[in-house]
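Residue strings, one per chain:
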Amino acid sequence: MSVTVLRSNFRQRSLCRLLAVQQHLMSSQAGSDILLERSGCAGVITLNRPKALNALNLSMIRQIYPQLKKWEKDPETSIVIIKGTGGKAFCAGGDIRAVTDAGKVGDRLSQDFFREEYILNNAIGTYQKPYVALIDGITMGGGVGLSVHGRFRVATEKTMFAMPETGIGLFPDVGGGYFLPRLQGKLGLFLALTGFRIKGRDVQQAGVASHFVDSEKLPSLEKDLVQLKTPSNTDVAGVLNLYQAQSKLDDGKPFILAEHMDQINRLFEASSVEDIMQKLNEDGSSFALKQLETLKKMSPTSLKITFRQLQNGASMSLQEVLVMEYRLSQACMRGHDFYEGVRAVLIDRDQSPKWKPGVMEEVTGDLVDGCFKSLGSNDLKL
């Protein structure tokens, strides 16, 4: 065999090995639940679990948090952008199935997940650089925690927001006790108790999103953001305002709950969940009775915990709220309804949870008080 042929074979084998390494690296990156990269002036976080609607797990939290801290100190990184893949969801929530399985056997994941998730929520809420969440698609639970506390939350016509936790024996956590009571009137309490879903431009009109941009414009928006030179919040707002002004989708359309806001403010202004339910029943309108039927399906314990959570949270800092919510999360892990709710909604899907206690009257003040008690040395530390 000639030297020329040997050299040719060597080059081919080397090229094949190089291509194999590149393909391996590409598949490893593509197979990761989270993608973290620098692009222009920006640190870009991509949630990459499209088949799971980008549900947030502990591994993802443990990658996002240190990277956020690193970018916050990095003079070359001026802005952080977070988005999801797959076209259906930004992030549909936390990995509840894993937490449920852990809680049943007393595994530390049921503590670590909530603790580290809330620490991440606080890092976002106190971030020193512009933080832009592109909430294109389903945004619930844990996905709300990754977005709502940031300075900029960009909704699209695909956005669907909800905090449906009372339907699975939980409560609207990830700082829900902070941002929900700060929405207009009693809207936050209404959303928290009923799990009502709002979509598209309504997410901005509710005050959950800061801006509305057409979904197809997001790649162009991201390109313009990463090309900014050491942008301030004002600079970022300017770009977002420009894109928002270009959108004509549902422009001028009234907020979906606009015609009911007077009712919501009146009926959800109450001293207890029982009082709200009585008011809804006495109102008798189709809207009121529909909300009453919804509340009757929720965990009575979750409803009472949530009512107190928002009541307390209205006058608390984000940090105080997250400490409170960590206590509530662990109370739910010790209880019955969370596991039953997940079984009925996510596992067996019979949509027929058997709550304990099963009626509002049996959820005593002492039971609720116990959920808010300090965990001592196990309290969340921020």
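Above this text sits the structure in question.
Here the structure is a predicted model, which is why all the values come from computation and not from measurement.

(A) Spotlight on the pairing of strand β1 (residues 34-39). Where β1 and strand β2 (residues 42-47) come together, six bridges link them in antiparallel fashion. By the bridge assignment for β2, R38 is matched with G43. If you look at the hairpin formed by β1 and β2, you'll find two residues sitting between the two strands, and G40 has a positive phi there, around 60°.

(B) Expanded view of the side chain of S78. Its place among the elements puts S78 in the loop between α2 (58-73) and β3 (79-84). If near-sequence neighbours (up to four positions away) are discounted, S78 is found in contact with C41, K129, P130, T230 and P231.

(C) Up close: the sheet that holds strand β9 (residues 198-199). Strand order in the open sheet formed by four strands is β4-β6-β8-β9, with mixed pairing between adjacent strands. Strands at the two margins of the open sheet, each flanked by one partner only, are β4 (89-91) and β9. As paired strands, strand β8 (residues 160-162) and β9 are joined by two bridges and run antiparallel to one another. Across the sheet, residue M160 finds its bridge partner in β9, namely K199.

(D) Summary view of the nonpolar core. In terms of nonpolar packing, the biggest core is built from 89 residues, with L47 and F338 touching the most fellow members. The biggest single contributor to this core is helix α15 (residues 318-334), with ten residues. Here L47 is in contact with D33, I34, N54, M60, I64, I82, K83, G84, T85, F90, C91 and L146, once residues within four sequence places are set aside. Judged by nonpolar contacts, the second largest core, of 20 residues, contains F152, V154, L225 and L240.

(E) Structural context of the environment of T166. Relative to the assigned elements, T166 resides in the loop between β8 and α6 (176-179). On the basis of relative accessible area, T166 is assigned to the buried category, the value being 0%. For the pair T166 and R38, spaced 128 residues apart in the sequence, the C-alpha separation amounts to 38 Å. Contacts of T166, omitting those with residues within four sequence positions, involve A192, L193, M298, S299, S302, L303, T306 and W355. Within the structure, the side chain of T166 is placed 3.0 Å from the backbone oxygen of L193, a separation counted as a polar contact.

(F) Main features of helix α16 (residues 337-347). Summarising burial for α16: eight of the eleven residues are buried, a large majority. Buried residues in α16 make contact with α3 (96-104), α14 (300-313) and α15. At the C-terminal side of α16, R349 shows a positive phi close to 60°.

(G) Inspection of the side chain of E165 at higher detail. Inspection of the secondary structure puts E165 in the loop between β8 and α6. For the buried E165, which has no salt bridge, the nearest side chain bearing the opposite charge is R197, at an N-O separation of 11 Å. With residues up to four places along the chain from it excluded, the contact list for E165 reads G141, L170, F171, P172 and D173.

(H) A look at the packing of helix α12 (residues 273-283) against α14. As a packed pair, α12 and α14 sit with axes 9 Å apart at the nearest point and diverge in direction by 105°. Between α12 and α14, the crossing angle belongs to the class labelled roughly perpendicular. Across the interface between the two elements, V273, E274 and I276 from α12 touch L303, K304 and F307 from α14. Among the residues forming the contact of α12 with α14, the class breakdown is four nonpolar, no polar and two charged.

Conventions and cut-offs
- Residues numbered from 1 in each chain as written.
- Predicted model: local features only at pLDDT ≥ 70, side-chain atom pairs only at ≥ 80, totals over all residues.
- Heavy atoms only, no water.
- Pairing = 2+ DSSP bridges.
- Helix = DSSP H or I, 4+ residues; strand = E, 2+ residues; numbered from the N terminus.
- Contact = heavy atoms within 4.5 Å.
- Core = buried A, V, L, I, M, F, W, Y, C linked by side-chain atoms within 4.5 Å.
- Buried < 20%, exposed > 50% of the residue type's maximum accessible area, 1.4 Å probe, protein only.
- Polar contact = N/O pair within 3.5 Å; in protein donor to acceptor, adjacent residues only side chain to side chain.
- Lys, Arg positive; Asp, Glu negative; His and termini not counted.
- Salt bridge = Lys/Arg side-chain N within 4 Å of Asp/Glu carboxyl O.
- Axes fitted to C-alpha atoms, helices over the stretch in contact; angles between N-to-C directions.
- Parallel < 35°, antiparallel > 145°, perpendicular 65-115°, else oblique.
- Nonpolar A, V, L, I, M, F, W, Y, C, P; charged D, E, K, R; others polar.

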